[in-house]
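Listed here are the chains, written in short residue letters.
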Amino acid sequence: MNFVAMRMLIGDRLKYLSLVAGLAFAALLVTQQASIFCGYALRTGSWIHDETCCDLWVMNDQADFTEANKPILDTALNRVRGVRGVLWAVPMYRGYLKCRLPDGTQTTIRMIGVDDATLMGAPAEMVEGKTSDLRRDRAVFVNFDQAKDGLELKRADPPRPLRVGDSIAINDHDAVVAGTYRATPEFFWEPVIYTTFTRALTMAPDERRTTSFVLVKVRPGVEAAEVAARIALIPGLKALTNREFTDMTLNYVLKKTGILVNFGLTIGLGFLIGALVSGQTLYTFMLDNLKHFAALKAMGAGNFAIARMVGLQTAWAGGIGYGLGVGGACITGIIFSRIGLAFEMPWQIPVMGAGAIAFCCFAAAAFSLIRVIRLDPAVVFKG
Amino acid sequence: MTSIIAEYQSVIPAEPELAVLCRGVTKSYGTGAGKVTALRGIDLTVRSGELLMLVGPSGCGKTTLISCIAGILDHDDGVCTVLGHDFKAMSQGERTRLRGKTLGFVFQAFNLLPTLNAAENVAVPLLINGMPRTRAIVKAKEILAHVGLGERHSSLPRQLSGGQQQRVAIARALVHDPKIIVCDEPTSALDHETGHQVMEMLREVAMTSGRSLVIVTHDARIFEFADRIAQMDDGVIQKVVDSPSELNH
C-alpha cells in the first residue's frame, strides 16, 4: 500500500508541489532566520575571540559588554601584575572617538589602544603593513573591509577606500594609516581603528580613568579561573575568560536590543505561516482523497494500513519540503557569507527546523487522520 | 445475539450454497425524534452462483442493506451471515480482513484512484491483501486483458471512457477472486449500450462457479440479466421474483 500512498501523493502534481512548497517555505524561514540570528549573536563575541593573546580580561566590575565605557583606575594594571599566577598583564584602551577622513567625511570610530611596549592586543592578521608599523609616528591601523565600507571616502571624486598613507584626524589629532588588518565581522558596526595605548590617550578626551581593560596571560599550569578569582578580590575589578566575556556581551545584546524579539517573531511567524499553509494543504489533500480512502476501506484496507499511508505521505512531503527549505537556507548562507552578512548554521538549527517541520506534519496528519479513520466506508455507496 | 443466531441456525438447515443469509435484519439511524428506520426486518438469501438484483425507489434501504451485507455497517437486530460468517460477531479488524478477501466491489462512481493507471487500480485489492506489487500488477494485467482492456493497462482513468472505467472497476472487483461481488448502480453512469455491454461482461466474466453477484440498481433495462430480483420498499423486501415480467405485475 506504500506504493498506492505515494502515487496518490505525487500523482496530483499541483497539490503535491503546493504542499512541498508550503513545508519548504516553513523550513526555509525557520532555519534561515535562526541562522541569521545565530550569526549576529556569535558576532557579539568575535572581537574577543580575535584577541587570542590573553587568557583573562580584567575590567570594571560594572562593565556588562564589550562596548561599556566604564574604565578602571590606571593603578589597576600594577595591582593585577602583582596577583599570583599572572604571567604578564598589559593595558588596553577602547573608546568611541570622532574621526575626520581626508575628504572631510566625519564618522564615529572605535579606537583601540594596545600596549606600546609589547603591542599585545594588536590585530592578529595584517593585510597591509606589519604589526610593528604601529610604532611609527602617528600610526593607526584600519580594518581592511571597513576601509571600503564605513571609512570609504564618499566625497572624493571618484569615491575610494581609505588607504595606507592617508592622513586622518581623530578627535582633531593627526594620524596616518600605516596598515590594514582583517578581523572577524562584529555585531557593532562602527569602524575599529588600532593604535598604541599612549597615542590613544592623547587622542581621547582627558579622563581620570583611562584603562578600559587589562589583558592577562596566566602562568603555565595555573587555572585561569583561579587567577580570575584572585583578581576579583581587588575592589572595582572583575576578570573574565574569553568565553565568559563573550557570554556576558551576548546576554547584554539579547536583553538590551530588540534582536531576540525581532528574530523570534520572524521565526515564529515563519513557522506559523508555513505550518498553516502546509497544514491546510495537507488537510485539503486528505479531504479531496476522502472518497478514495473510503473506497480503500470498503475494499478491505484497515485503519492501520490507512494510517500508514497517511503517515508515509506526510513524512515524504515533510522530508522533501524540509530538504528544499534547509537547502535554500544553505544557499542563502553561502550568498550572505560572500557579501559579509551574518549567517551561522550550527547543527542545532537544522535539527530544530526538522523538529518544527515534523510538528507541522504531525499536527496536519493527525487532523487528517482523524477524518479518515472516522470515515464511514459506506459513503462509497452514496454515489 | 448468540442465542438469536443459534435459534436461526436451528430453524434453517445448513445451506452450503447460500452466499448471503439475512433474517429479520433491522437498521436505524439516529435516536429519539430524529430516528430513521432504514431496514425493517429484511429476509433475503443470495445463493452461490446467482446474480441477484436489488431494486426499489430511492431511500428504500437498498444501500443500507448492501452495506450491512458487505460488513461495512452493523445491523441492529436479526441475523446477517456472509459465507457463513456473521460480521456483527467479528472485530473490526477481522471484518475488514474478511471483506478484503471475500468481497469485490463495483461502485456507481467507479471510485478509481485517479493517479493510478488501470493496472495499478486493478491491483489495489491484491496489495491490500498483502501481495507483492510486481506480482499484483502482473495479475492485474491478466484480468484487464480478460475484460478487454489489455492494451490500456497503463492508461490513467481520465484517459478512459466511462464504460472502460467501469470495466476497470469490474476487473478490480474480480482480481482477488472474491466469492461475492457487490455492485452499486454499475450502469447508472453509462449510456444504454455501454450499460448493456458492462452487464454482459459481468454475467460472462464474474459469474464463475460459486460466485454470487448482488447488484443494486434502478436501471430497469438491465433487469433481464438477473437470476432473481428482490424488490424493496420502505425498508422491507416486498417480493423476490425470477423475471422482470413478474416484477411488473
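Residues numbered from 1 in each chain as written. Chains lettered and ligands numbered in written order. Predicted model: local features only at pLDDT ≥ 70, side-chain atom pairs only at ≥ 80, totals over all residues.

K.L.:
If you had to explain the overall build of chain A to someone new, which residues and values would you point to?
P.N.:
Helices and strands together make up the secondary structure of chain A, namely eleven helices and ten strands. The globule rule puts the C-alpha radius of gyration for 383 residues at 21 Å, and the 30 Å found for chain A is more than 25% above it. Per-residue burial for chain A yields a buried fraction of 43% across its 383 residues. (Helix = DSSP H or I, 4+ residues; strand = E, 2+ residues; numbered from the N terminus. Rg over C-alpha atoms; globule rule 2.2 N^0.38 Å. Buried ≥ 20, exposed ≤ 12 C-beta atoms within 10 Å, placed from the backbone.)

K.L.:
Lay out the overall build of chain B in plain terms, naming residues and giving numbers.
P.N.:
Along chain B, the regular secondary structure elements total eight helices and ten strands. Here the C-alpha atoms of chain B give a radius of gyration of 18 Å, agreeing with the 18 Å that 2.2 N^0.38 yields for 249 residues. Each of the 249 residues in chain B was classed as buried or not, and the buried ones make up 46%. Across chain B, contacts joining residues at least 24 apart in sequence account for 71% of those joining residues at least 6 apart. (Contact = placed C-beta atoms within 7 Å.)

K.L.:
Residues and numbers for helix H5 (residues 133–146) of chain B, please.
P.N.:
For an α-helix, 3.6 residues make a turn, and residues three or four places apart therefore share a direction. In a regular helix each residue adds 1.5 Å, so 14 residues correspond to 20 Å; H5 of chain B covers 20 Å between its end C-alpha atoms and thus fits that length. The elements touched by buried residues of H5 of chain B are helix H4 (118–128) and helix H6 (162–174) of chain B. (Expected span 1.5 Å × (residues − 1).)

K.L.:
Which residues make up the interface of chain A and chain B, and what values go with them?
P.N.:
The interface is formed by 21 residues belonging to chain A together with 26 residues belonging to chain B. Of all the secondary-structure elements, those providing two or more residues to the side of chain A that touches chain B are helix H1 (2–11) and helix H9 (290–298) of chain A. Residues belonging to the side of chain A that touches chain B are distributed by class as follows: twelve nonpolar, five polar and four charged. (Nonpolar A, V, L, I, M, F, W, Y, C, P; charged D, E, K, R; others polar.)

K.L.:
Can you lay out the sheet that holds strand S10 (residues 236–241) of chain B for me, pointing to particular residues and giving the numbers?
P.N.:
Each strand in a sheet pairs with its neighbour through backbone hydrogen bonds, running either in the same direction (parallel) or in the opposite one (antiparallel). Residue and element names in this part refer to chain B. Taken in spatial order, the six strands make up an open sheet running S6-S7-S8-S3-S9-S10, and their pairing is mixed. Looking at strand neighbours, the two that pair on one side only are strand S6 (103–106) and S10, the edges of this open sheet. Along the sheet, successive strands turn relative to each other by an average axial angle of 20 degrees, direction set aside. Pairing of S6 with strand S7 (residues 180–184), which is carried by four bridges, proceeds in the parallel orientation. (Pairing = 2+ DSSP bridges. Axes fitted to C-alpha atoms, helices over the stretch in contact; angles between N-to-C directions.)

K.L.:
Explain the packing of helix H10 (residues 303–338) of chain A against helix H11 (residues 348–374) of chain A residue by residue, including any values.
P.N.:
Residue and element names in this part refer to chain A. Two elements in contact, H10 and H11, have axes whose closest approach is 9 Å; the angle formed by their N-to-C orientations is 150 degrees. In terms of orientation, H10 lies roughly antiparallel with respect to H11. The handedness of the crossing between H10 and H11 comes out as right-handed. From H10, Asn303, Ile306, Ala307, Val310, Gly311, Thr314, Ala315, Gly318, Gly321, Tyr322, Gly325 and Val326 reach across to H11, where they touch Pro350, Gly353, Ala354, Ile357, Ala358, Cys361, Ala364, Ala365, Ser368, Leu369, Val372 and Ile373. (Parallel < 35°, antiparallel > 145°, perpendicular 65-115°, else oblique. Left-handed = near helix turned anticlockwise from the far one by under 90°.)

K.L.:
Any chance you could break down the confidence of the model for chain B for me, citing the residues and the numbers?
P.N.:
All names here are of chain B. For chain B, per-residue confidence averages 83 on the pLDDT scale, and 91% of positions sit at 70 or higher. Put simply, helix H1 (residues 2–11) is where chain B has its lowest mean pLDDT, 48, and H4 is where it has its highest, 92. Within the model, pLDDT remains below 50 along residues 8–14, and this stretch shows two contacts once partners closer than five positions in the same chain are excluded. Predicted complex, confidence summary: ipTM 0.83, pTM 0.74. (pLDDT = per-residue confidence, 0-100.)

K.L.:
Can you tell me about helix H8 (residues 259–288) of chain A, naming the residues and giving the values?
P.N.:
Residue and element names in this part refer to chain A. Taking 1.5 Å of rise per residue, the 30 residues of H8 would be expected to cover 44 Å, and the 42 Å separating its terminal C-alpha atoms lies within 8% of that figure. Along H8, the positions that sit buried rather than exposed are Ile267, Gly270, Phe271, Gly274, Ala275, Ser278, Gly279, Thr281, Leu282, Phe285 and Met286. Residues of H8 that are buried sit in contact with helix H2 (13–43), H9, H10 and H11.

K.L.:
Any details on the packing of H2 of chain A against H8 of chain A? Residues and values, ideally.
P.N.:
How two helices pack is summed up by the angle between their axes together with the distance between the axes. Residue and element names in this part refer to chain A. The geometry of H2 relative to H8 is characterised by a closest axis approach of 8 Å and an angle of 170 degrees between their N-to-C directions. Our classification of the angle between H2 and H8 gives roughly antiparallel. The way H2 lies across H8 gives a crossing that is left-handed.

K.L.:
Any chance you could break down the environment of Leu42 of chain A for me, citing the residues and the numbers?
P.N.:
Its location among the elements puts Leu42 of chain A in helix H2. Residues Leu42 of chain A and Glu186 of chain A, spaced 144 residues apart in sequence, show a C-alpha to C-alpha distance of 8.5 Å.

K.L.:
Go over unusual backbone geometry with me, naming the residues and quoting the values.
P.N.:
Residues and elements named next belong to chain A. Each neighbour pair has its own omega, and for Asp157 with Pro158 the value is 0 degrees, a cis peptide bond. Following the sequence through the fold, Pro158 ends up in the loop between strand S5 (139–143) and strand S6 (167–170). The backbone of Leu119 shows a phi angle near 60 degrees, a positive value even though the residue is not glycine. Its location among the elements puts Leu119 in the loop between strand S3 (106–114) and strand S4 (125–128). Judged by local crowding, Leu119 falls into the partly exposed class, with 19 C-beta atoms found within 10 Å. Here the phi dihedral of Arg138 falls at roughly 60 degrees; this positive angle occurs in a residue that is not glycine. For Arg138, a count of 17 C-beta atoms within 10 Å gives the class partly exposed.

K.L.:
Now, about the sheet that holds strand S5 (residues 85–86) of chain B: what can you tell me, with residues and values included?
P.N.:
All names here are of chain B. Spatial strand order, S2-S1-S4-S5: four strands in an open sheet with antiparallel pairing. The open sheet is flanked by strand S2 (36–47) and S5, the only strands paired with a single partner. Bridging between strand S4 (residues 77–82) and S5 involves two bridges; their strand directions are antiparallel. For Val82, the partnering residue across the bridge sits in S5 and is His85.

K.L.:
For the pairing of S4 of chain B, give the residues involved together with the corresponding values.
P.N.:
Residues and elements named next belong to chain B. In terms of burial, S4 is largely enclosed, as five of its six residues are buried. Across five bridges, strand S1 (residues 18–29) lies against S4 in antiparallel orientation. Looking at S4, one finds that Thr26 is bridged to Asp77. Linking S4 back to S5 in an antiparallel pair, the connection comprises two residues, with Leu83 at a positive phi of about 50 degrees.

K.L.:
Describe the environment of Gln32 of chain A, naming the residues involved and giving the relevant values.
P.N.:
Residue and element names in this part refer to chain A. In this fold, Gln32 is placed in helix H2. Taking the number of C-beta atoms within 10 Å as the measure of exposure, Gln32 has 26 and is therefore buried. Gln32 sits 111 residues away from Asn143 along the chain, and the two C-alpha atoms are 28 Å apart. Sequence-distant contacts of Gln32, defined by excluding residues within four places in its chain, comprise Ala329 and Thr332.

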